[in-house]
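Examination of the molecular architecture
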Amino acid sequence: MDAESYTDRELMVAAAAREIDDGDVAFVGMRLPLIAFQVAVSTHAPDAISVFESGVVRDDPASDFLHTMCDLPNLDRALSTTSMIDIMSRLQRGEIDVGFLGGAEIDRYGNLNTTRVTSRSREIRLPGSGGACDIACLSQRTVVLMAHEPRRFVERVTYNTSPGHGAGGDWRARESVAGGGPETLVTTKATFGFDHDGELYVKSLHPGVNLAEIADDFPWDLKTAAEVTDDPIGRTEPPSVDVLELIREFDPNGFWTR
Amino acid sequence: MDAESYTDRELMVAAAAREIDDGDVAFVGMRLPLIAFQVAVSTHAPDAISVFESGVVRDDPASDFLHTMCDLPNLDRALSTTSMIDIMSRLQRGEIDVGFLGGAEIDRYGNLNTTRVTSRSREIRLPGSGGACDIACLSQRTVVLMAHEPRRFVERVTYNTSPGHGAGGDWRARESVAGGGPETLVTTKATFGFDHDGELYVKSLHPGVNLAEIADDFPWDLKTAAEVTDDPIGRTEPPSVDVLELIREFDPNGFWTR
Amino acid sequence: MPQSKVTDLSAAVGRIEPGSAVAMGLALEHAIPFAAGHELIRQETDELTLIGPISDLLFDQLVAADLVDRVRAAWVGNVSSGTGYNFRRAVEDGGLSVENHSNFSIALSLKAGAMGVPYLPTRSLLGSDIFEENDRFREAEDPYSGDRLALVPAIRPDWTVVHVQRASPYGDAHFWGNSGVAFEAVDAADDTLIVAEEIVEPDVIKSDPSRTAITRDSVTAVAEVPFGAHPAPLAGRYNRDNEFYLDYADETNDELGTIAWLNEWVRGVPDREAYMEKIDRDLHVSEPTVAAEVEYGR
Amino acid sequence: MPQSKVTDLSAAVGRIEPGSAVAMGLALEHAIPFAAGHELIRQETDELTLIGPISDLLFDQLVAADLVDRVRAAWVGNVSSGTGYNFRRAVEDGGLSVENHSNFSIALSLKAGAMGVPYLPTRSLLGSDIFEENDRFREAEDPYSGDRLALVPAIRPDWTVVHVQRASPYGDAHFWGNSGVAFEAVDAADDTLIVAEEIVEPDVIKSDPSRTAITRDSVTAVAEVPFGAHPAPLAGRYNRDNEFYLDYADETNDELGTIAWLNEWVRGVPDREAYMEKIDRDLHVSEPTVAAEVEYGR
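Here the residue numbers are simple positions, counted from 1 along each chain's written sequence. Here every chain gets a letter starting at A, and every ligand a number starting at 1, in the order they are written. The predicted origin of the model limits local features to residues at a pLDDT of at least 70 and limits the giving and counting of side-chain atom pairs to 80 or more, whereas totals for whole chains, interfaces and linings rest on all residues. Computation of side-chain values covers all heavy atoms of the structure but excludes hydrogens and water.

**A short note on the packing of aromatic side chains**
How we decide: In this analysis, rings of Phe, Tyr and Trp, with Trp reduced to its six-membered ring, are considered paired at centre separations within 6.5 Å, and the interplanar angle assigns stacked below 30 degrees, edge-to-face beyond 60, and tilted for intermediate values. We count a stretch as a helix when DSSP gives it H or I for four or more residues in a row; a strand needs E for two or more, and each element gets its number in order from the N terminus. Summary of the burial criterion: residues with accessible area below 20% of their type's maximum are buried, those above 50% are exposed, and those between are partly exposed, where the area comes from a 1.4 Å probe applied to protein chains only. The criterion for a charge sitting over a ring is simple: Lys NZ or Arg CZ within 6 Å of the ring centre, and within 35 degrees of the ring normal.
With the rule as written, the count across this model stands at 27 aromatic pairs over all chains. With a centroid separation of 5.6 Å and an interplanar angle of 55°, the aromatic rings of F192(A) and F218(A) are classed as tilted. In this pair, F192(A) sits in strand β13 (residues 190-194) while F218(A) sits in the loop between α7 (211-215) and β15 (223-224), placing the two residues 26 residues apart along the sequence. Given the relative accessible area of 4%, F218(A) is considered buried. The rings of F244(C), Y248(C), W261(C), W265(C) and Y275(C) are connected pair by pair, giving a single aromatic cluster. Between the NZ or CZ atom of R272(D) and the centre of the ring of Y275(D), over which it lies, the distance is 3.8 Å. Taking NZ or CZ as reference, K278(D) lies 4.5 Å from the ring centre of W265(D), over its face.

Rendered as C-alpha cells:
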C-alpha cells in the first residue's frame, strides 16, 4: 500500500468519515458513505450507529466488502434488520444526526438533482431520488459527496429532488422543510460549507488544488471561507495512513474508491 | 359429562360458535368468544382464523385453557404473534368478517356501553372500550354476547362506547361508520337479530324460555321474528354433545362457562 | 465501546420523575412490567399520567397507591375478574381524570408519535362517544374521496417501560410473542426503560437482527429483573399466574384491603427476588416449543 | 384442512393479468423476486404498472421487454453500476410514464393502503419538486399545530410479489433480513404471490410465530423457487451476484444488446432450475451465523 498516493475518492471517503461525530446516528446511502461510516466507527466515532433505508441498523463495519447496503455482510451481525418505515420514522422524528447525499447537480444553495438533467438540449433521465429527498428534508444535517465536474454546479437545479437551502435565507423554515439542510459538500477537489444565507462557500482545498483552478467551475461568484468566516481557506487534511488502511480493508479491490 | 344439562353460558358459546362461518377471519375478544372460536374451528369452520388485538393470529384451538388471549397456550404455535397496529389494520381494511362484543348496556339499535352506567343515580365507572369500539366500527358484522338482565336493555345507551346501528335507519352510512354493525345478539335467554332499520328483534328463544318471560325486560315494545321476517320465533338449538364436549375440553374447570 | 446502560431497577425507576407521563403495560396481558410498577409504588413517584391500551391490574395498583393523576387508556381493570376496584373508586370519587380511548386510538396515538407526525387518520371512532366527548379527536374530510375520517393526535410519553426476554447492556433488545403497542410506545417516548428477563452479550442480539425490537438509540436504562413481568406471562419463559389476579380482586374490593395488599406485596417486599420467593409457585414453561432454525451469515 | 395454495411459478404468474399494477422488489437490493419477473417476461404480461421503492435491475428488465406502461417508484437503475439503460431510454423516448417518489413516499403510500386509510401525513417531500410536480401529493395544515404537512395517498397494488425464505402451503411465511416495504405492500395489495425459497410444513412456521411476516389471509398463491431472488441476495441463503449486475450493465447499453440479453437469460431459459445451471456460480452462504435460540411453549 502506498499511503503517499491515494485516490480522489479515498480522500472523499476520509473527509466524509470526519463528518460523522462520535455518538451520531448516521443515515448511510449507497457507495462512498457505506465505506465512510465503516471508517468512522473504526476510528474516532466508535459509538456512532448507521441506519440504511433498506432497514439495516449497524454499530460496526460489515464483515466483508459491500456492493450494496443489502449485501449479506451488511445484514450479518447487524443490530437490527427491520423495515423502511421503521428507519424513515427515525428520520421523521428528527433522530438522524447526519445523512449522506450525492447528486448529478448541486446549486448555489445546496439543492440536489438526481431525477433529470438537460445536456445539449436533450433531457436525460436519471435513476431518481431513492431516499435522498427524505434525507435532505429530515436529517439534522446532511453531507453531500460529488465528483468535481463543472457541469454539476448550476445556479439553480433543473429539478429539486433533494431540497437544500432552497432559495437561501429562511427558505427551509418558510417551506416547512424540517431538517437542518446541507452543512458540507465534499468534491474531488475541495470541501465546502454553507453560509448563514445557505450559500455554498469553499472551506478547504484538497492537497494540490488551488482556488483559481476551481472558481470557474461555478456559474456564480464562488464565496470562500475568508468572506464567510474569519478563517482563511484551509487545506483539506489528507487521509492518514490508518484511515487509508481501513478504506482499503473495506474496499479491497477499490470497487468504489479507485 | 351430562349433555342433557348445560349452562346458559355453554349455550351462548355454542350459539356464538355458529356465527363463525367457515373461512371467516374472526376478531376474538376476551372470555366466551375465546372458547367459541375454538369450538368453531374444531367443528364446522376448520378454515376460519382468529385474530386478537394483542397481536395473536391462530388457525386452531390453543393447547391449554385460556384465561386471557395472552396466556402462553394462545401464543404457542400461533400463526403469528405480531402487533396491535397489524391486527387493527386488518380491521380497518375491512378484512374482518365477524367480531365479538359484550357490554354492560345495549340499546334498541345495538349500541353498546362499556364505559359508565348510572345505577340509582350514582355513576358507576366500567373498565372501558378496549378494542370494542374499533370492532364495532369496522367489522363486517358483529355478534354481541350478554347476560340476559333487564338493567342491561335500555332505550338509549348512557355512553355509546361501541356504535351499533346508532339511531337506526341509515345512521351508520350518515355517520361514516364503516363496518356492517351488529347482526346478532345472544343473551342467556334468547338470540336476537336486527331488522332493516337496525332495530333489535327476538329471533329464537333458548330452550325453556317463553316470549312473555323476556318481553318485559325491554323498555320498549320488543319486535319478534314474526314481525320482521316471515319466520315465526324459533327455538335456539341446544349445544350438541360434541360441542359440549369441546367446550368442556377448552374450559375444563368451567372458569368462563359455569 | 458503547456505553453500558445497565443499572439496578431501583436506580432506573428513580430516574422517572414525579409528574411524568409513563406508557407501560403495552403488550396487553403479555409482558407487563409489574416489577417496575411496584418500584414506582415503593418510591412513591406521584402525579403520574399513565398511558396504555388495556392495563391488566398494573394501572389499578398504581392508582391504589394514589400516584396517578390521569389515565389515557382504552380499558382499565382485571382481565381475570373484570373490575379494577381502585380505578373504579378513584374515578367515581373524582380523584382521577380519564381520557377514554379505544385500543386502536391509543395505538394510533403512539404510532403517530413513533412516526414523528402530529396525527394519524382513522375510520374507527366515528359514531362513538369516545370520539364525541374528546375534542383532541378531530373530524377531517379526506381530500381525495371526501370521506369523513377521525384524526388521532400523537402521544409522546416521557417514559416508556417495557419488559423483554433479553437485551444487551447497550439497550438492543430481542422480544417475541405478541407485542401490542410496545414498540410504537418506545419509539414515541423521550426515554425508555427496558426491564429484561436476561441481559445477554451483544453478540446474542446480533445473531438475529430481525428479532431486534428496540435499538440502543431509543434506550435510557436497562435493568435485569427475572420474573419482572409476574403475574403477567412472558412468551417462552413463564405463564400467567391467574390465581394472583383472582386473589387481588378478592383482596382489594375495599380500601383497607387494598392497603393491606400493597403492604404485603409491594411496600413490604424489597425487590423482585424477595417477591418471587414469596410467590413460591412454579410458572415456568414446562413444554417448550423451540423456534425453527434461522441463519444469517455471508 | 385449509386449502393449499401451492402452484408452479408459471401458473402463479399466469394469474397476473395484463394491465395489472404490480408491486415487487420491495426489500430494496434484498430478496428481489427476479424469477417471477422473468416469468412475466416469458408470458409477455404487458401494460403493467410497476410499484416499488428502488428496483435494482428488475424494473429495467421488465421495461426492456416492453411490458411496462407506468412506473411508480423512487429510483430505477442498477445499484452496482448506476444507470438502468432500458428505463432511461424508455423515459427519454416518451414511452414510459413515471410517477416520481421518494423512498418514504412510496413506503407511506403502501402503508396507507396497508392500514386501510386514504392517506398518511408526512413532513418529508415539502420543498422538493417530487412534491410540486405531482398533484396526488397534497398540502395540509396540521389542525393541532398549524404546521404544514404533505399528504401521501394510498397505493393499493393489484398484486404484490415477494420472495421469502420459507412459507407453508397455506401461505403463512417466515422472512428475515431487512424487509424494506415488502409487508406493507402485501397488506395493501388485492392479491399476493409468495415465491418461497422453500415450502415447509405448517408446524415450522408455527414454531416461531413472531417470525411470521405474512399470514394466509393475504395470500393468493405460493410457488417454491430455490434461488428465485438471484442475482439479489437472500439473508441466510445466498449472496448478491455482483458480477451479474455488472455484466447486465455492459450488455444492455443498447437495444440490440438488450434483446440478446433477454433472449439468453430469460426467453431462452425455461425456468429457474435451468437458469441456475447456466449461472453455475456458488453464491451460498459460506459462513453462517446461527440465530440465538428462542422458545415459546406453555
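**Some details on the packing of helix α4 (residues 84-92) of chain B against helix α5 (residues 103-115) of chain C**
Basically, it comes down to this: Angles here are taken between N-to-C directions and fall from 0 to 180 degrees, while the axes themselves are lines fitted to C-alpha atoms, restricted in helices to the stretch in contact. Any angle from 65 to 115 degrees is called roughly perpendicular, while one under 35 is roughly parallel, one over 145 is roughly antiparallel, and all others are oblique. Crossing handedness is defined as follows: a turn of the near helix away from the far one that is anticlockwise and smaller than a right angle gives a left-handed crossing, while the clockwise case is right-handed. When checking whether two residues touch, look at their non-hydrogen atoms; a contact exists if any pair is within 4.5 Å. Residue classes follow a fixed rule: Ala, Val, Leu, Ile, Met, Phe, Trp, Tyr, Cys and Pro count as nonpolar, while Asp, Glu, Lys and Arg count as charged, and any other residue, Gly among them, counts as polar.
Running from N to C, α4(B) and α5(C) cross one another at 120°; their axes reach a closest spacing of 10 Å. Viewed along their axes, α4(B) and α5(C) adopt a mutual orientation that is oblique. Relative to α5(C), α4(B) is oriented so that their crossing is left-handed. Counting all contacts with α4(B), which are made through M84(B), I85(B), M88(B) and Q92(B), the residues of α5(C) involved are N103(C), F104(C), A107(C), L108(C) and K111(C). For the contact of α4(B) with α5(C), a count of residues per class yields 6 nonpolar, 2 polar and 1 charged.

**Thoughts on helix α9 (residues 242-251) of chain D**
Residues and elements named next belong to chain D. Applied cut-off: In this context, the arc is that of the directions from the helix axis out to the C-beta atoms.
All of the buried residues along α9 are N242, F244, Y245, Y248 and A249. Here the buried residues of α9 occupy an arc of 165° about the axis, which is enough to place them on one side. Where α9 is buried, its residues contact α2 (34-42), β2 (48-56), α3 (58-64), α4 (85-92), α10 (255-267) and α11 (272-279).

**Focus on the sheet that holds strand β5 (residues 119-122) of chain D**
The strands making up a sheet are joined through hydrogen bonds of the backbone, oriented either antiparallel or parallel. Residue and element names in this part refer to chain D. To keep it simple, the criterion reads: Here, any two strands with at least 2 DSSP bridges between them count as paired.
Read from one edge to the other, the open sheet built from 3 strands follows the order β5-β7-β6, with strand pairing classed as antiparallel. The sheet is open, and its two edges are formed by β5 and β6 (138-141), each paired on a single side. Strand after strand, the sheet turns through a mean of 40° between neighbouring axes, direction not considered. Helix α5 (residues 103-115) contacts β5 and β7 (148-153) of the sheet and is inclined by roughly 140° relative to β5.

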